[in-house]
Amino acid sequence: PYPYTHGLLDVDEQVKLRNSLRARFPRRPWLDVISKIDVEEEDAKDNISKLMDLFPDALQVSAFDGTGLDDLNMEVRGLLEEMTKVVR
């Protein structure tokens, strides 16, 4: 989920979409990521906090300052390895 709307989906709509996709693909490898955690605007901070409460195991990343990118890289690699084993 993304803490901004930018004319697309607000946070509640993003969560609804995420939950819908998760329900549709329950056995697929899954990784929740909260981006833009470096943003200082109050609305974004509130939305990030809400997302952290909803998805406490989600990775928190910022492409701007690099926070969490190493963890994201490792998690994606792990998911790809898992998917490769399933395909073989």
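What this report covers is the structure whose coordinates are included nearby. (Residues numbered from 1 in each chain as written. Predicted model: local features only at pLDDT ≥ 70, side-chain atom pairs only at ≥ 80, totals over all residues. Heavy atoms only, no water.)

**Observations concerning helix H2 (residues 42-54)**
Note the threshold: Each helix is a run of H or I in the DSSP string that is no shorter than four residues. Each strand is a run of E no shorter than two, and both are numbered from the N terminus. Given a helix with a known number of residues, its expected span is that number minus one, times 1.5 Å. Residue contacts are counted whenever heavy atoms from the two residues lie within 4.5 Å of one another.
Relative to the 18 Å expected for 13 residues at 1.5 Å per residue, H2 spans 18 Å between its end C-alpha atoms, a close match to the ideal helical length. The secondary structure elements touched by the buried residues of H2 are helix H1 (11-24) and strand S1 (33-34).

**Points about the pattern of salt bridges**
Using the following cut-off: By definition here, a salt bridge exists when the distance from a side-chain nitrogen of Lys or Arg to a carboxyl oxygen of Asp or Glu is within 4 Å. Here's how the labels work: a residue is buried when its accessible area is under 20% of the maximum for its type, exposed when over 50%, partly exposed in between, all with a 1.4 Å probe on protein chains only.
Evaluated as defined, the whole model comprises three salt bridges. Across the pair Arg18 and Asp32 runs a salt bridge, and its minimum N-O distance is 2.7 Å. Linking Arg18 in helix H1 with Asp32 in the loop between H1 and S1, this pair joins segments that are 14 residues apart in sequence. For the pair Arg18 and Asp32, a shared accessibility class is recorded, and that class is buried.

**Examining a nonpolar patch on the surface**
Here is the rule we go by: Patch rule: a residue counts if its relative accessible area is over 30% and it has no salt bridge; like charges are joined within 9 Å, and nonpolar side chains (Val, Leu, Ile, Met, Phe, Trp, Tyr) within 5 Å. Here, Shrake-Rupley sampling with a 1.4 Å probe gives the accessible areas, and only protein chains in the shown set may cover a residue.
Together, Leu8, Leu9, Leu17, Leu21 and Phe25 line one region of the surface with nonpolar side chains, adding up to about 430 Å² of accessible area. Checked against the element boundaries, Leu9 lands in the segment before H1. The partly exposed category is assigned to Leu9, whose relative accessible area is 33%.

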